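Below are the chains, spelled out letter by letter.
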Amino acid sequence: MRFGFISHVVSDGDSAAALREVVELAVVAEECGFDSFWVAQHHFGAQRAHCPAPLVVLAAIAQRTERIRLGTAVVVGSLEHPIRLAEDATTVDALSAGRLELGLGAGADIGSAERFGREHEARHEQFAENLRELCALLGPDSDLVPAGNGLRDRLWLGTASESGFELAAQLDLGVLTGRTSSPQGPRDEIAAERVAKYRAAQAAAGREPRVGLSRSVLCAESAAVAFEHMRPGIERWVSTSIAAGRFPVGFSALDYVDTGHGYLGTGTAVAASIRRDPGLPGATELLCNVQPAGPSPAAVRTSLRMFADEVIAPWGDPSRI
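Residues numbered from 1 in each chain as written. Predicted model: local features only at pLDDT ≥ 70, side-chain atom pairs only at ≥ 80, totals over all residues. Heavy atoms only, no water.

What follows is about the overall build of the protein. In terms of helices and strands, the protein carries 11 helices and nine strands. Over its C-alpha trace the protein gives a radius of gyration of 19 Å, about what one expects of a compact globule, namely 20 Å for 321 residues. Taken over the C-alpha atoms alone, the protein extends approximately 55 × 45 × 40 Å along its principal axes. Residue burial in the protein is summarised as follows: out of 321 residues, 52% are buried. Contacts spanning at least 24 positions in sequence make up 75% of the contacts within the protein whose residues lie at least 6 apart. Separation between the mean location of the 30 positive side-chain charges and that of the 40 negative ones in the protein comes to 2 Å. (Helix = DSSP H or I, 4+ residues; strand = E, 2+ residues; numbered from the N terminus. Rg over C-alpha atoms; globule rule 2.2 N^0.38 Å. Buried < 20%, exposed > 50% of the residue type's maximum accessible area, 1.4 Å probe, protein only. Contact = heavy atoms within 4.5 Å. Lys, Arg positive; Asp, Glu negative; His and termini not counted. Charge placed at Lys NZ, Arg CZ, Asp CG, Glu CD.)

Next up, the structure:
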């Protein structure tokens, strides 16, 4: 099992401060022993995020780090030109000495698609077309400069759908997958079943599966303290979900946590929750995030250090957890 952290660069402050903070956070993650650090792409400030250009941010992080792998989780591939994306990606890969992990997805934000002049309903078809071209551009016969140097083998598809898992297996891509929410709790059994099918397809083709499991995690001195850090952001998300019909009227932020949508508390408690996660047996990477909340930078840094000390360090020895 490898461990990573995903930042959505969420902040109510200015963009410059948020972007500087994510670079510093990556440095802390490397110091703590995390294996990877991933940045999400959001256009036009969607979800209070400040990073429309994750590869630019990773280029900056590459100059401050030496070991940690650098990923996108994810670039909205349906809105990208494959050649420009390939050139940007290989440039970052060269600057980072081959540490880039390029994750892509079809995108879910209707507003962004409209601003790009694209049909949101056609995003999956456009994404599949762009993805196939990108795979060819990064293949062994590519004339890209800088050269791909193995980046084709470090492509990931962010998906929760059955068709997405099938496409990933067909193209020999890694899979990045999260959770489907419901008032009764996350539907982890759905993702676990799809991961199992993907792994079986990869094994049948003689390929190594790569599965990144994304989970909302915040370590603190207690579950109550962690919840208070996460509560404002969760309340916003729950309110939006109630308006969209995903949660019933009266569903609260505490209900969201109590039904298992996030792992909050001491590192020991978080580790125990992770070990019970139905998706864990099929995963090769556990990717922590703090979505849908936006706790303070100090709280996130504390969480990283506690997670490293109380989850990553003793992971190979369950008796210590």
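For the structure shown, the criterion picks out 18 salt bridges. For the salt bridge of Glu 21 with Arg 301, the shortest nitrogen-to-oxygen distance reads 3.2 Å. One end of the pair, Glu 21, is in helix 1 (residues 15-32); the other, Arg 301, is in helix 11 (residues 297-312), and 280 residues separate them in sequence. When the shortest N-O distance is used, the salt bridge between Lys 197 and Glu 162 registers 3.9 Å. (Salt bridge = Lys/Arg side-chain N within 4 Å of Asp/Glu carboxyl O.)

This brings us to the side chain of Arg 210. Mapping Arg 210 onto the fold places it in the loop between helix 7 (188-204) and strand 7 (211-219). No salt bridge is formed by the buried Arg 210; its nearest oppositely charged neighbour, Glu 101, is found at 4.5 Å. Within the structure, Arg 210 has its side chain in polar contact with the backbone oxygen of Asp 153 (distance 3.4 Å). A distance of 2.9 Å separates a polar atom in the side chain of Arg 210 from the backbone oxygen of Leu 155. In this view, Arg 210 contacts Glu 101, Asp 153, Arg 154, Leu 155, Trp 156, Asp 172, Leu 173, Gly 174, Val 175, Tyr 198 and Thr 284; residues no more than four positions away in its chain are not counted. (Polar contact = N/O pair within 3.5 Å; in protein donor to acceptor, adjacent residues only side chain to side chain.)

Once that is clear, we can look at the packing of helix 3 (residues 82-95) against helix 5 (residues 123-137). Between helix 3 and helix 5, the shortest axis-to-axis distance is 9 Å and the interhelical angle comes to 45°. One element, helix 3, and the other, helix 5, form an angle in the oblique class. Handedness of the crossing formed by helix 3 with helix 5: right-handed. Two secondary-structure elements touch here, helix 3 through Pro 82, Ile 83, Leu 85 and Ala 86 and helix 5 through Asn 130, Glu 133, Leu 134 and Leu 137. Here the residues of the contact of helix 3 with helix 5 are counted per class, giving six nonpolar, one polar and one charged. (Axes fitted to C-alpha atoms, helices over the stretch in contact; angles between N-to-C directions. Parallel < 35°, antiparallel > 145°, perpendicular 65-115°, else oblique. Left-handed = near helix turned anticlockwise from the far one by under 90°. Nonpolar A, V, L, I, M, F, W, Y, C, P; charged D, E, K, R; others polar.)

Next up on the list: a negative patch on the surface. A surface patch of negative charge is lined by Asp 109, Glu 114, Glu 119 and Glu 121. For Glu 114, the position within the fold is in helix 4 (residues 110-115). (Patch = residues over 30% accessible without salt bridge, like charges linked within 9 Å, V, L, I, M, F, W, Y side chains within 5 Å. Areas by Shrake-Rupley, 256 points an atom, 1.4 Å probe, with all protein chains shown as cover.)

Moving on: the environment of Thr 302. The residue Thr 302 is located in helix 11 in this model. Judged by its relative accessible area of 40%, Thr 302 falls in the partly exposed class. Separated by 84 residues in sequence, Thr 302 and Leu 218 have C-alpha atoms that sit 8.9 Å apart.

This part takes up the environment of Ala 40. For Ala 40, the position within the fold is in the loop between strand 2 (36-39) and helix 2 (54-62). Overall, Ala 40 belongs to the buried group, its relative accessible area being 3%. Between the alpha carbons of Ala 40 and Ala 73 there is a distance of 4.8 Å; along the sequence they are 33 residues apart.

Read these as layout, nothing more, since geometry by itself doesn't imply function.
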